[in-house]
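Residues per chain, in single letters:
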Amino acid sequence: MKQMHDFLTFASEGTLVALWGAGFLLLALIAMIGDRRRARRERVGKLDKVGWVPWTGLFMASAIIGGGLLAFALPKVLGG
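A.B. asks: When you look at the pattern of salt bridges in this model, what are you seeing that I'm missing?
C.D. replies: Side chains that differ in charge, positive against negative, can pair when their charged atoms come close. On inspection of all chains with the given rule, the structure shows 1 salt bridge. For the salt bridge of Asp35 with Arg38, the shortest nitrogen-to-oxygen distance reads 3.1 Å. With Asp35 and Arg38 both in helix H2 (residues 13-40), this residue pair falls 3 residues apart, about one helical turn. The partly exposed category is assigned to Arg38, whose relative accessible area is 29%.

A.B. asks: Which parts of the structure should I look at to understand helix H3 (residues 55-79)?
C.D. replies: Quick reminder: α-helices carry 3.6 residues per turn. Residues three or four places apart thus point the same way. Over its 25 residues, H3 extends 36 Å from the first C-alpha to the last, a length consistent with the 36 Å expected when each residue adds 1.5 Å. Taken as a whole, H3 carries its principal kink of about 40 degrees at Ala73; the proline Pro75 stands between one and four residues after it. Among the residues of H3, those classed as buried are Ser62, Gly66 and Ala73. In this fold, the buried residues of H3 make contact with H2.

What counts, and where the lines are drawn
Residues numbered from 1 in each chain as written. Predicted model: local features only at pLDDT ≥ 70, side-chain atom pairs only at ≥ 80, totals over all residues. Heavy atoms only, no water. Salt bridge = Lys/Arg side-chain N within 4 Å of Asp/Glu carboxyl O. Helix = DSSP H or I, 4+ residues; strand = E, 2+ residues; numbered from the N terminus. Buried < 20%, exposed > 50% of the residue type's maximum accessible area, 1.4 Å probe, protein only. Expected span 1.5 Å × (residues − 1). Bend = angle between axes of the 7 residues up to and from the residue. Contact = heavy atoms within 4.5 Å.

Dropping the structure here:
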């Protein structure tokens, strides 16, 4: 745990932005899985007993933000 704390404390801005971008892309992956599960389930009745989450919008927003952050961080991370 201390090594991770030291890594995050002394990481460059490019590395931190790349980590945030990877986190948003992970959230996009989770939202994509949730959207697929919702699309494939059978309708039991008029009222579903599951919560309503805007999976498609969550996927799109997090994928765009994550891709943008990674695009901004890529030159800094690769350049050193």
